[in-house]
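Spelled out from the first residue to the last, the chains are:
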Amino acid sequence: MKALTRARFAGRDGVYAVFALDFGVDIRVGLLEADLGRVLMRRDGAYRLDRGWTVAPNGHEPGFEGRPRDGLAGFSCPPATLDEGEGIVTLRGERLRAEVSLDPFGIAWFRTGESEPFLQDRRTQAYFVSRQTHAFEHHMARDAGDRHYGLGDKTGPLDRTGRRFKIDAVDACGFDAETSDPLYKMIPFFIVAGAAGAHGVYYDNLATAEVDLGATLDNYHGLFRSYRADDGDLDAYILAGPTVPDVTRAFSRLTGGHAFNPKWTLGFATTSMAIADAPDAHARIADYMAQCAQHRIPCDSFHFGSGYTMIAGRRYAFNWNRDKFPDPEGTLQSLNDAGLHPVANLKPCLLDDHPRLAELQDRGGLVLDGQTGEPAVAQFWDGLGYHLDFTHPHGRAWWRAGMETALLDKGFVTVWNDNNEYEIWDEDAVCAGDGRPFPQALARPAQALLMTKLSRETQIAHAPGKRPYAITRGGPAGVWRYGQTWSGDNATAWKTLRFNLTQGLNMSLTGMFDIGHDVGGFHGPSPTPELLVRFVEFCSFWPRMVMNSWNSDGVTTLPWMYPEMIDPIRQAIRLRYRLAPYLYALMWRAALDDTPAVRPLFWDFPNDPDAVTTEDAFMLGPDLLVAPVLEEGARTRSVRLPANPGGWYLFHDGSHVEGGAHVTADAPLGRAPLFVRAGAMLPLGAATDRLHPAGDSVRELVVYGDPHEAAVALFDDDGDTAAWRTGEGLETRITLRRNGETAVLSAAAEGRYRPAWREIRVRGVGSRSLEIEAGRSTPLSLA
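Fair warning: this is a prediction, and the values are worked out from it, not measured in the lab.

1. Remarks on the side chain of His392
Within the fold, His392 resides in the loop between strand 31 (383-387) and helix 6 (393-408). A relative accessible area of 19% means that His392 is categorised as buried. Contacts of His392, omitting those with residues within four sequence positions, involve Arg363, Gly364, Gly365 and Ala432.

2. What to know about the side chain of His199
Tracing the chain through its elements places His199 in strand 19 (residues 197-203). Reaching out from His199, the side chain makes a polar contact with the backbone oxygen of Phe118 at a distance of 3.3 Å. Discounting residues that sit within four places of it in the chain, His199 has contacts with Arg111, Phe118, Leu119, Phe190, Ile191, Val192, Arg225, Leu239, Ala240 and Val247.

3. Topic: the sheet that holds strand 2 (residues 7-13)
What the eight strands build is an open sheet, ordered 2-3-4-5-22-19-18-15; its pairing is antiparallel. Each edge of the sheet is formed by a strand with only one pairing partner; in this case those strands are strand 2 and strand 15 (147-150). Strand-to-strand twist across the sheet, computed as the mean angle between neighbouring axes with direction ignored, equals 20°. Pairing of strand 4 (residues 25-33) with strand 5 (residues 36-43), which is carried by eight bridges, proceeds in the antiparallel orientation. Bridging across to strand 5, Asp26 finds its partner in Arg42.

4. A short note on the UniProt feature "domain: Glycoside hydrolase family 31 TIM barrel" (unreviewed entry) in the protein
If you check UniProt for "domain: Glycoside hydrolase family 31 TIM barrel" (unreviewed entry), the listed places come out as residues 260-586 in our numbering. In the segment residues 260-586, helix accounts for 35% and strand for 19%; the C-alpha atoms at its two ends are 10 Å apart.

5. Some points on the UniProt feature "domain: Glycosyl hydrolase family 31 C-terminal" (unreviewed entry) in the protein
When the UniProt feature table is mapped onto this chain numbering, "domain: Glycosyl hydrolase family 31 C-terminal" (unreviewed entry) sits at residues 595-681. Secondary structure content for residues 595-681 is 10% helix and 32% strand, and the end C-alpha separation is 19 Å.

6. Section: helix 10 (residues 566-578)
For helix 10, spanning 13 residues, the distance from its first C-alpha to its last is 18 Å, which sits close to the expected 18 Å at 1.5 Å a residue. For helix 10, a buried count of ten out of 13 residues is recorded, marking the element as mostly surrounded by other parts of the structure. Among the residues of helix 10, those classed as buried are Ile566, Pro568, Ile569, Arg570, Ala572, Ile573, Arg574, Leu575, Arg576 and Tyr577.

7. Considerations on the nonpolar core
Of all hydrophobic cores here, the largest spans 163 residues; its most connected members are Trp399, Leu620, Leu625 and Phe675. Among the elements that take part in this core, helix 11 (residues 580-593) stands out by supplying eight residues, more than any other. With 47 residues, the next largest nonpolar core counts Leu31, Leu119, Val192 and Ala229 among its residues.

8. Brief notes about the domain arrangement of the protein
Under the domain assignment, the protein is made up of domain 1 (2-255), domain 2 (598-677) and domain 3 (692-782). Distance from the C-alpha centre of domain 1 to the C-alpha centre of domain 3: 44 Å.

9. Here we look at the pairing of strand 5
The buried fraction of strand 5 is high, at eight of eight residues. Going residue by residue along strand 5, you find Leu36, Arg38, Leu40 and Arg42 tucked away on one face and Gly37, Val39, Met41 and Arg43 tucked away on the opposite face as well. The turn joining strand 4 and strand 5, which pair antiparallel and follow one another in sequence, is formed by two residues. One ladder, built from five bridges, connects strand 5 with strand 22 (residues 235-239); its direction is antiparallel.

10. Details of the sheet that holds strand 14 (residues 136-141)
Hydrogen bonds along the backbone pair up the strands of a sheet, which may run parallel or antiparallel. What the six strands build is an open sheet, ordered 1-13-14-21-20-16; its pairing is antiparallel. Strands at the two margins of the open sheet, each flanked by one partner only, are strand 1 (2-3) and strand 16 (164-167). Relative to strand 21 (residues 224-229), strand 20 (residues 209-212) runs antiparallel, the two being bridged by four bridges. Bridge pairing in strand 21 places Ala209 opposite Ala229.

Scoring rules and cut-offs
- Residues numbered from 1 in each chain as written.
- Predicted model: local features only at pLDDT ≥ 70, side-chain atom pairs only at ≥ 80, totals over all residues.
- Heavy atoms only, no water.
- Helix = DSSP H or I, 4+ residues; strand = E, 2+ residues; numbered from the N terminus.
- Buried < 20%, exposed > 50% of the residue type's maximum accessible area, 1.4 Å probe, protein only.
- Contact = heavy atoms within 4.5 Å.
- Polar contact = N/O pair within 3.5 Å; in protein donor to acceptor, adjacent residues only side chain to side chain.
- Pairing = 2+ DSSP bridges.
- Axes fitted to C-alpha atoms, helices over the stretch in contact; angles between N-to-C directions.
- UniProt positions renumbered as here; feature names shortened; annotations may be inferred.
- Expected span 1.5 Å × (residues − 1).
- Core = buried A, V, L, I, M, F, W, Y, C linked by side-chain atoms within 4.5 Å.
- Domains from an automatic or database assignment.

So this is what it looks like as structure tokens:
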């Protein structure tokens, strides 16, 4: 590696100040928004990869061919002044400035009105490039009190300080939620929070890399953190904050925001490899539907494992095994008729004896070995295979046709993109790049993003007017604008609960809002009865709730696998359905203004010092604090509640507890402690068997405590309209204002949708004398 320590100011180029360094390197520093800066490196006047797929500001979504790295579409590019001083060049905007030191070369970032930088390059050798490879490094100064969040689905504690992570993706089946690395997603974005507030750094580079958040100590350089990439371009976005929520929202906006999925996707779902792999798969699915009805387990979808594609024990995309499924349309129709939306597992690799392989070999559409021109060979399930190239027009067309004819036309509502980490380790692998080929190593996770984009677009064309629902396991930043994801193939263990919690919180802080965890654990021995119940309780509060298993003992994890636990499992799932109006409004809000539904306590209580260190509880929206049971044998749960005016209320019995103190709550099986913030107005529905808007005839509003003023916004629609932004839903804004001993409640509704419920029943918990009066402005009947 060669250190870049001296620079010459080379002038201004549009929004950028340009600096010439040694070894043919130039670095551009610019302000793209009032709170967003950028550092962009070129070598010998060119980029290693001149496009990207992850950045999509203000709805400027890249096409399959990618977004030009030099492109500024979607950015406001506010005015900025440029001043040259003695060895310092300053780029100054209204709210952000960058001070660039020429010798030693480094950049310090300041918010307007602050004398200390919130982010500063290491003063000793901050930038390195390799002259023998395309590797590079970026080193930043670190304060001893800094905390670090983000990086997507990485494992371990909430605060990532002191750890080193690989930016890579593998099929990490049965991963240890505390220590395993890497997992499925490649997202080099982190948040730094400390005495200088919070800021974020995102490297728009899709090559393998390493992020060091203080694992390395080197006496010559002081405390630092670093990013080292094996290939690609240094293209760093600086998000100024100054709070963690500011950074998360800004990163979500930078990468295109979040999809709003159909309402039924918030319901409970089940899948298992063992069911679709079984020789009597159709009968097992029929039995699953019957068992749901018999045990009164709410369920909204059934996800097919890839066993439906089998030929002689191997899996072949878009094939139907007619021995297991003599009548695929009939099987899928029975699920749809029962309200259990069928979802198909789909993998982007074709085995080397796939019966339709010639259709791609003849016209292109597979990732190729650039030396031989033949498809690049990769290890996959059941043997060797070739990966579809989603940067090739024919590959996309072939895949889309397969989705339509083999899956959607037969009755599936969507596909679940799985095993799409693209573990092609051939160093000569090449992607078509829509006519501009590039080495696969420069953008492996782009394939998963484009696979998910294509899935979404295919559904939109197949069912115009309906909201699509895409799912992916792998991908880079921005994949959330197309659909849902989850933490992956977790291990069946008590430890998994604790670290899936912090793993999920960091996924939320990274911009992934529609997330969850495999209920019961995916791989390992079957969960014990107690562990299964605690998994169900825990997962019932996350946006995605899918029971998924591939147990080493061959037993399928199902809600009724332990007859003595059916009641507590049913109780936990039904609570989720009761909370559905609240959860649906949170997911609407996530898509509307980039606010995650699940978040750490310090998101809502930034001034409570203990909230920062709480890693065993989480907020579900602004009003609910979930304290899941994480230890075997526990029947109570102790938690420190943040300070909140009026304290908190236990959801299950309405008892009041003080904020700012440790409390111990009863936690019998089937009931994770759930606390409601005093001052909240919590919308509830009925504990139904399906999330079916036409049958959603109950709406209740529970007011907790004696707030002087309170407000809540509900959102209802038919559950899958694509026109939810343009009036086809119903937003109901309810406000409460206290007038002496009387609370006056008013509501205003906007939108064309008319829900099945016709009145909102209101009751108070913890109120001395709550008397509700309907405001004259409301078009709703409030009782």
